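Chain by chain, the residues run as shown.
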Amino acid sequence: MLHIPCPFCGPRDESEFAHGGPARQQRPDDLSPLDDAAWVDHLTVPPNPVGPVREKWWHVRGCGQWVTIERDTLTHDILEETGE
Amino acid sequence: MQRYSLFSLARNALSDHQNWQQAWRSPPLRDTYDVLVIGAGGHGLATAYYLAKNHGITNVAVLEKGWLGGGNVARNTVTIRSNYLRDESIPFFVKSVSLFEGLTKELNYNLMYSRRSMVDVVQTWGRLRELKRRMLNMDIHGSTYEQLDVEELRRRIPALTGGGPESRLPILGGMVHPDAAVCRHDAVAWGYARGADARGVELHQKTEVKALLRNVDGSIAGVETNRGTVRAGKVAVAVSGHTTSLTETVGLRLPLKSFNLAAFVSEPVKPLIDVIVNCPDIGVYLSQSDKGELVIGGAPDPGQSFRRDIKQNVFENAVSAMLELFPAFRRLKLMRQWGGALEIAHDGSPIVSRTDIPGLFVSAGWWGGFKAIPAGGYTLAHLVANNQPHKLIEAFSLDRFRHLDFVLESGTTTAR
């Protein structure tokens with residue numbers, strides 16, 4: 001089980017959280033120069049590394065805070081907590 | 001190929017079983033082939049088999065990082081079924097189930113194929129509506145789904161004693177899919193391996209593909225392995241869970257995320273359940289193996305993962321969900337647990353497709369891919385041989401993402 005660092009409550013068990021999916025990639029500021037392929041890539045292709053991913057968790061059975069963490073997909077080590 | 005039969009068994013018994021041929025050869029790795037298949041799992045081996053059998057392409061090497069049949073084909077819950085939702089999906093899985101039915105005879109290898117119904121235990125009205133919608137679509141495409149009332153459901157599964165009117169989610173009814181089956185997973189890999197080898201395909205274990213290689217014109221040139229460079233004009237990737245790691249070595253990004261899906265088995269007990277029980281509302285499914293063990297699967301670990309173990313809380317969730325419906329199982333000891341990295345595409349449907357790189361083909365996104373092995377191999381072999389998709393997989397090409405023309409699928413595994 002992960003121990004997810006909640007900025008409000010401190011490290012808590014994963015069972016208190018709901019997974020919120022990969023952290024959204026920055027939406028391009030100006031869409032007009034994008035071709036279809038780049039836009040489809042933005043919409044459908046998430047990073048899928050054997051290594052760190054950025055993802056959101058919701059402390060739904062706790063304080064309700066949303067947390068973004070960087071977690072290794074192979075070791076499950078939480079590398080960085082970046083807050084909301 | 002040495003045929004297995006009662007006669008060959010008797011003849012070999014006379015020589016104390018010392019003279020059986022090896023099931024497949026271990027030839028030296030050459031530096032050029034017509035086709036390379038990466039991954040000696042179910043899909044890779046089936047593809048090699050059908051390339052040789054249906055298309056006469058035998059200058060083929062299957063490259064495997066570990067050992068043959070040691071990946072997700074060894075790490076699943078052996079459920080074969082075709083109760084999917086979409087017009088594009090159902091015919092594909094109907095074909096796969098029908099290929100499975102004749103496979104023991106075709107491969108001359110006992111798959112211990114056992115047809116048994118799959119019964120869904122329905123506990124929410126939304127789920128019932130979704131399954132009835134599937135039933136109507138399955139009727140059109142030659143698969144079968146029937147509704148059961150609670151009484152009939154409990155008659156078919158006597159161990160189902162939970163889910164009464166006082167429970168958190170009372171059982172509303174059930175659905176039965178009579179085409180479903182289970183079989184021995186290792187035998188699928190070994191049977192296809194032996195059949196492919198007999199037709200001239202080379203199987204190379206402990207041959208890890210480190211990177212894909214391209215020609216100057218952009219087309220596929222071959223692969224870089226831990227045993228040197230191997231060249232081929234066509235390369236098919238069938239490495240469930242790790243597709244993106246491989247395709248990104250040639251800059252090909254795919255709409256896939258890898259997850260850990262896990263399962264576990266109980267101690268063996270007397271025959272107790274003769275169907276596959278699926279409980280989609282609480283996210284657990286189970287069947288009883290020939291050895292008597294209950295084979296139990298749950299929902300995936302929600303975050304992306306490349307691990308092959310099982311997380312304690314995911315495991316506990318599945319067990320506590322199961323005990324709501326099967327309180328008597330509280331007394332069972334659990335024996336083994338395992339997980340595998342598998343991947344799901346953006347829309348939940350598989351990808352069997354050409355890519356932007358000429359000569360490179362991918363078979364990926366098999367969320368619950370065991371049941372798809374025969375049809376997946378059959379259609380990928382067709383695609384590799386003809387460079388044109390078989391009609392069963394036209395909808396599963398990468399082009400669908402280009403046009404945002406998704407095939408949203410809800411029938412992939414339990415809890416989805």
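What you see is a predicted model, and the numbers here were worked out from it, not measured in a lab.

The rules we used
Residues numbered from 1 in each chain as written. Chains lettered and ligands numbered in written order. Predicted model: local features only at pLDDT ≥ 70, side-chain atom pairs only at ≥ 80, totals over all residues. Heavy atoms only, no water. Phe/Tyr/Trp six-rings, centres within 6.5 Å; stacked < 30°, edge-to-face > 60°. Helix = DSSP H or I, 4+ residues; strand = E, 2+ residues; numbered from the N terminus. Lys NZ or Arg CZ within 6 Å of the ring centre and 35° of its normal. Axes fitted to C-alpha atoms, helices over the stretch in contact; angles between N-to-C directions. Parallel < 35°, antiparallel > 145°, perpendicular 65-115°, else oblique. Left-handed = near helix turned anticlockwise from the far one by under 90°. Contact = heavy atoms within 4.5 Å. Nonpolar A, V, L, I, M, F, W, Y, C, P; charged D, E, K, R; others polar. Pairing = 2+ DSSP bridges. UniProt positions renumbered as here; feature names shortened; annotations may be inferred.

## Here we look at the packing of aromatic side chains
Residue and element names in this part refer to chain B.
Logical step 1: This structure, assessed with the given rule, holds 17 aromatic pairs over all chains.
Logical step 2: Judged by centre distance (6.1 Å) and plane angle (55°), the ring pair of Tyr4 and Tyr109 falls under tilted. Here Tyr109 lies in the loop between helix H4 (103–107) and strand S4 (114–115) and Tyr4 lies in the segment before helix H1 (6–14), a separation of 105 residues in the sequence.
Logical step 3: Site record: aromatic cluster; members linked through ring pairs are Tyr84, Phe92, Phe93, Trp366 and Phe396.
Logical step 4: Positioned above the aromatic ring of Tyr378 is the side chain of Lys95, whose terminal nitrogen or guanidinium carbon lies 4.4 Å from the ring centre.
Logical step 5: One cation-aromatic arrangement involves Arg194 over Tyr4; the distance from NZ or CZ to the ring centre is 3.7 Å.

## Details of the packing of helix H2 (residues 42–55) of chain B against helix H10 (residues 373–386) of chain B
Axes are the key here: two packed helices are described by the angle between their axes and the distance separating the axes.
Residue and element names in this part refer to chain B.
Logical step 1: It is at 7 Å that the axes of H2 and H10 come closest, and there the two elements cross at 55°. Judged on the interaxial angle alone, H10 and H2 are oblique. The chirality of how H2 crosses H10 is right-handed. Contacts between H2 and H10 involve Gly42, His43, Ala46, Thr47, Tyr50, Leu51, Asn54 and His55 on the former and, on the latter, Ile373, Pro374, Gly376, Gly377, Tyr378, Leu380, Ala381, His382, Val384, Ala385 and Asn386.
Logical step 2: When grouped by side-chain class, the residues that make up the contact of H2 with H10 number 10 nonpolar, 9 polar and no charged.

## Observations regarding the sheet that holds strand S15 (residues 284–288) of chain B
Residue and element names in this part refer to chain B.
Logical step 1: Here 8 strands make up an open sheet; going across it, the order is S6-S7-S5-S14-S15-S16-S13-S17 and the pairing mixed. In this open sheet, the two edge strands, each paired with only one partner strand, are strand S6 (146–148) and strand S17 (334–345). Here the average twist between neighbouring strands, direction ignored, is 20°.
Logical step 2: Bridge count for strand S5 (residues 118–122) against strand S14 (residues 276–279) is 3 bridges, and the pairing is parallel. What sits directly across from Asp120, in S14, is Asn278.
Logical step 3: Relative to S15, helix H9 (residues 312–325) is tilted by about 70°, and along the sheet it contacts S5, strand S13 (256–266), S14, S15, strand S16 (294–298) and S17.

## A few points about the UniProt feature "domain: Rhodanese" (unreviewed entry) in chain B
Logical step 1: Taken from the UniProt record, the annotation "domain: Rhodanese" (unreviewed entry) applies to residues 35–79 of chain B.
Logical step 2: Segment residues 35–79 of chain B splits into 31% helix and 20% strand. End C-alpha atoms: 30 Å apart.

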